[in-house]
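A look at the structure
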Amino acid sequence: GSSSQLPDGTPIGSLQVPMGWSAMGECDYAEIDMYSPGHEAEAEAVARALQPPLRARRIRRVQNARLWRAYSQQLPAAAKRHEEFLWLPHTPSLLEEQKSSGTVAAGGGDMYESSAACAQRNPGCTEMLLMRADVNRLGAAAGCGWYPAYVVGLER
């Protein structure tokens, strides 16, 4: 149905991130550098979501076709939808796992509304995931309640 369409740049949530999607051909997985031409508005919105003194060194959009399908097909009709972006400390194993299996095991309890809280509780963290989440279903498994949208590398 139409609910599984790819992100089209419509600003989402209180952060108003205009999440897009780049052509991937036959690939199921890609990471898109947000500092490459044509992604300025998206990169700025993600960078703006970081609270000082946190600053983005690198921003990559995660495009996992299988995981996006699973997430978007579970979204309720637009009128009942309540999507927000939440922060999660990033470990390389998280993305490796979702690349291979199309799922991410991290529990919803580890997500933070503010980047500052995420950094504070996870000192030494050099990257964070900005998760696109249906806040009504945060307890659900990845690919149902939430989707890892961006990897944000931090200046330290």
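Above this text sits the structure in question.
Residues numbered from 1 in each chain as written. Predicted model: local features only at pLDDT ≥ 70, side-chain atom pairs only at ≥ 80, totals over all residues. Heavy atoms only, no water.

The helix and strand tally for the chain stands at 4 helices and 7 strands. Shown N-terminal to C-terminal, the secondary structure of the chain runs as helices and strands in the order β-β-β-α-β-α-β-α-α-β-β. Look at the contacts in the chain between residues 6 or more apart in sequence, and 74% of them connect residues 24 or more apart. On the chain, roughly 7,600 Å² of surface is accessible, and the fraction owed to carbon and sulfur atoms is 51%. (Helix = DSSP H or I, 4+ residues; strand = E, 2+ residues; numbered from the N terminus. Contact = heavy atoms within 4.5 Å. Areas by Shrake-Rupley, 256 points an atom, 1.4 Å probe, with all protein chains shown as cover.)

This part covers helix 1 (residues 40–48). Inspection of helix 1 places Glu42, Ala43, Ala45 and Val46 among the buried residues, and these make up the whole buried set. Taken around the axis of helix 1, the buried residues stretch over an arc of 165°, which confines them to a single face. Exposed side of helix 1, more than 90 degrees from the buried face: Ala41 and Arg48 are the residues found there. (Buried < 20%, exposed > 50% of the residue type's maximum accessible area, 1.4 Å probe, protein only. Arc of directions from axis to C-beta.)

This next bit is on the pattern of salt bridges. In the structure shown here, the tally under the stated rule is 6 salt bridges. Asp28 is the partner of Arg66 in a salt bridge, and the nearest nitrogen-oxygen pair spans 3.8 Å. You can see Arg66 sitting in helix 2 (residues 65–74) and its partner Asp28 sitting in the loop between strand 2 (17–18) and strand 3 (29–33), a full 38 residues away along the chain. Judged by relative accessible area, Arg66 falls into the partly exposed class, the value being 35%. A salt bridge links Arg55 to Glu155; the nearest nitrogen and oxygen atoms lie 3.5 Å apart. (Salt bridge = Lys/Arg side-chain N within 4 Å of Asp/Glu carboxyl O.)

The next point concerns the nonpolar core. Ranked by internal contacts, the top residues of the largest apolar core, which has 45 residues, are Leu50, Phe85, Trp87, Met128, Tyr147, Tyr150 and Val152. Within the residue set of this core, elements represented by two or more residues are strand 3, helix 1, strand 4 (56–64), helix 2, strand 5 (83–89), helix 4 (115–121), strand 6 (127–134) and strand 7 (146–154). Per-element tally for this core: the top contributor is strand 7, with 7 residues. Discounting chain neighbours no more than four positions away, the residues touching Leu50 are Arg55, Ala56, Trp87, Ser115, Met128, Val152 and Leu154. (Core = buried A, V, L, I, M, F, W, Y, C linked by side-chain atoms within 4.5 Å.)

With that settled, consider the environment of His82. Mapped onto the fold, His82 is located in the loop between helix 2 and strand 5. Linking His82 and Asp134, residues 52 residues apart in sequence, is a C-alpha distance of 5.6 Å. Not counting residues up to four positions away in its chain, the partners in contact with His82 are Ala133, Asp134, Val135 and Asn136.

To continue, consider the packing of aromatic side chains. Given two aromatic rings, their pairing is described by the distance between the two centres and the angle made by the two planes. Evaluated as defined, the whole model comprises 5 aromatic pairs. A centroid spacing of 5.4 Å and a plane angle of 50° characterise the contact between Trp68 and Tyr71, whose relative ring orientation is tilted. Highlighted residues: Trp68 and Tyr71, both in helix 2, separated by 3 residues, approximately one helical turn. Exposure class is identical for Trp68 and Tyr71. Each is buried. Measuring from ring centre to ring centre gives 6.2 Å for Phe85 and Tyr150, while their planes differ by 50°; the resulting arrangement is tilted. (Phe/Tyr/Trp six-rings, centres within 6.5 Å; stacked < 30°, edge-to-face > 60°.)

As a further point, take helix 2. For helix 2, the set of buried residues is Ala65, Leu67, Trp68, Tyr71 and Ser72. Angular distribution of buried residues about the axis of helix 2 spans 160°; they occupy a single face of the element.

No statement about biological role is implied by the geometric values presented.
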